[in-house]
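# Residue-level structural notes
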Amino acid sequence: MDKDLIYMQHALTLAQQADHVNEVPVGAVLVYHDQIIGEGYNQPISTNDPTAHAEIIALRAGAKQLNNYRLLDTTLYVTLEPCIMCAGAMVHARIKHLVFGAFDPKSGAISSVNQILTAPGLNHRVSYQGGVLAQECATLLQQFFQRRRI
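Residues numbered from 1 in each chain as written. Predicted model: local features only at pLDDT ≥ 70, side-chain atom pairs only at ≥ 80, totals over all residues. Heavy atoms only, no water.

### Some points on the packing of helix α3 (residues 54-66) against helix α4 (residues 84-93)
The test is simple: Helix axes are fitted only over the stretch in contact, all axes being lines through C-alpha atoms; the angle between N-to-C directions runs from 0 to 180 degrees. Numbering goes from the N terminus for both helices and strands, where a helix is a DSSP run of H or I of at least four residues and a strand is a run of E of at least two. Roughly parallel here means an angle under 35 degrees, roughly antiparallel means over 145, roughly perpendicular means 65 to 115, and every remaining angle is called oblique. By definition, any crossing whose near helix is turned counterclockwise from its far helix by less than a right angle is left-handed, and any crossing with a clockwise turn is right-handed. In what follows, residue pairs with any heavy atoms lying within 4.5 Å of each other are defined as contacts.
Two elements in contact, α3 and α4, have axes whose closest approach is 9 Å; the angle formed by their N-to-C orientations is 20°. With respect to α4, the axis of α3 lies roughly parallel. Considering only the axes of α3 and α4, their crossing is left-handed. Taken together, the residues of α4 that come into contact with α3 (itself represented by Glu55, Ile56 and Leu59) are Met85, Cys86, Ala89 and Met90.

Next comes the structure, spelled out in structure tokens:
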């Protein structure tokens with residue numbers, strides 16, 4: 001099985017944990033040399049922290065693991081296209097590559113609404129790939145929001 005699929009499946013498992021605690025089901029996994037060094041799921045509601053997105057939690061854990069705020073040669077796997085805040089954090093952290101699942105047509109900052117990672121003037125470029133296990137990621141989010149509307 002492709003490594004991207006394995007790590008994205010792990011991120012989906014984390015997203016399900018968010019779902020179980022009534023947080024928007026997004027999960028993230030940070031990988032360095034084929035080792036998971038950080039992971040997280042959305043927790044802004046339960047922690048009263050607007051920055052507690054899955055990506056930020058995974059980046060913080062990875063920085064602690066490497067004892068460095070620069071996360072060179074890492075790949076971040078996220079079940080949903082990141083927002084502007086998380087895309088900016090990835091640039092500042094100097095991650096190498098982003099892999100995300102579902103596209104976010106409302107607030108996606110990678111390719112859907114904004115294109116933060118390709119904005120001119122950035123001092124670091126993050127390569128990216130979207131759509132990995134997109135249907136599975138999107139279904140989890142759709143089911144979550146359908147339950148919230150009932």
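### As for the environment of glutamine 65
Defined as follows: Only protein chains enter the accessibility calculation, which uses a 1.4 Å probe; a residue whose area is less than 20% of its type maximum is buried, one above 50% is exposed, and one in between is partly exposed.
Here glutamine 65 shows up in helix α3. A residue is classified by how much of its surface remains accessible, and glutamine 65, at 55% relative accessible area, is exposed. C-alpha separation for the pair glutamine 65 and isoleucine 37, spaced 28 residues apart in sequence, amounts to 6.2 Å.

### Quick notes on the side chain of threonine 79
Quick reminder of the rule: Under this definition, polar contacts are N or O atom pairs within 3.5 Å; protein pairs additionally need one hydrogen-donor-capable and one acceptor-capable atom, and for neighbouring residues in sequence, both atoms have to be side-chain atoms.
Within the secondary structure, threonine 79 sits in strand β3 (residues 74-80). Here the side chain of threonine 79 touches glycine 27 through a polar contact of 3.1 Å, landing on its backbone nitrogen. The contact partners of threonine 79, leaving out residues within four places of it in the chain, are Met8, Ala11, Leu12, Ala15, Pro25, Val26, Gly27, Gly101, Ala102 and Cys137.

### Points about the environment of histidine 124
Looking at the element boundaries, histidine 124 is found in the loop between β4 (97-102) and β5 (127-130). Along the sequence, histidine 124 and leucine 30 sit 94 residues apart, while their C-alpha atoms lie 18 Å from each other. Those residues within four positions of histidine 124 in sequence are excluded, and the remaining contacts are Val91, Arg94 and Ile95. Engagement of the side chain of histidine 124 in a polar contact is seen with the backbone oxygen of isoleucine 95, the distance being 2.7 Å.

### What to know about the nonpolar core
Spelled out, the test is: Take the buried Ala, Val, Leu, Ile, Met, Phe, Trp, Tyr and Cys residues and link them wherever side-chain atoms come within 4.5 Å; each set so joined is a nonpolar core.
By size, the foremost hydrophobic cluster in this structure holds 42 residues, and its most contacted members are Met8, Leu30, Leu76, Ile95 and Leu98. With six residues, helix α1 (residues 3-20) is the largest single contributor of residues to this core. Once residues within four sequence positions are removed from consideration, leucine 98 is found in contact with Leu76, Val78, Pro82, Met90, Ile110, Leu117, Val126, Ser127, Tyr128 and Gln129.

### Regarding the pattern of salt bridges
Heads up, the condition is: By definition here, a salt bridge exists when the distance from a side-chain nitrogen of Lys or Arg to a carboxyl oxygen of Asp or Glu is within 4 Å.
Scanning the entire structure with this criterion turns up three salt bridges. In this structure, arginine 147 and aspartate 19 form a salt bridge, with 2.3 Å as the shortest nitrogen-oxygen distance. Of this pair, arginine 147 sits in helix α5 (residues 134-149) while aspartate 19 sits in helix α1, and the two are 128 residues apart along the sequence. Judged by relative accessible area, aspartate 19 falls into the buried class, the value being 13%. Note that aspartate 49 and arginine 60 form a salt bridge whose closest N and O atoms lie 4.0 Å from each other. Remark: arginine 60 occurs in helix α3 and aspartate 49 occurs in the loop between α2 (44-47) and α3; sequence separation between them is eleven residues.

### Quick look at the layout of surface pockets
In this approach, a probe sized like a water molecule rolls over the atoms, and the result shows the empty space that is left. Note the cut-off: Only protein atoms enter the 1 Å grid used here. Points where a 1.4 Å probe fits but cannot escape make up a cavity, open sets with protein on both sides within 12 Å along at least five of seven lines make up a pocket, and a residue lines them when an atom lies within 4 Å of a point. Grid points are joined across faces, edges and corners, and a volume is the space filled by probe spheres set on the points. Gly counts as polar in this scheme, as do all residues outside two lists: the nonpolar Ala, Val, Leu, Ile, Met, Phe, Trp, Tyr, Cys and Pro, and the charged Asp, Glu, Lys and Arg.
Quantified by volume, the largest pocket comes out at close to 560 Å³. What lines the largest pocket is a set of 24 residues, and nearest its centre among them are Val24, Leu80, Asp104, Leu141 and Phe145. Taken together, the residues of the lining of the largest pocket sort by class into 13 nonpolar, five polar and six charged.

### Structural notes on α5
Put simply, the test is: Every helix has an expected span of 1.5 Å times one less than the residues it contains. This arc corresponds to the set of directions leading from the helix axis out to the C-beta atoms.
In this model, α5 (16 residues) spans 23 Å end to end at C-alpha, consistent with the 22 Å of a helix rising 1.5 Å per residue. Among the residues of α5, those classed as buried are Cys137, Ala138, Leu140, Leu141 and Phe144. Buried residues along α5 cover an arc of 155° about the axis, so they all sit on one side. Facing away from the buried side of α5 by over 90 degrees, the exposed positions are Gln135 and Arg149. Considering only its buried residues, α5 is in contact with α1, β3 and β4.

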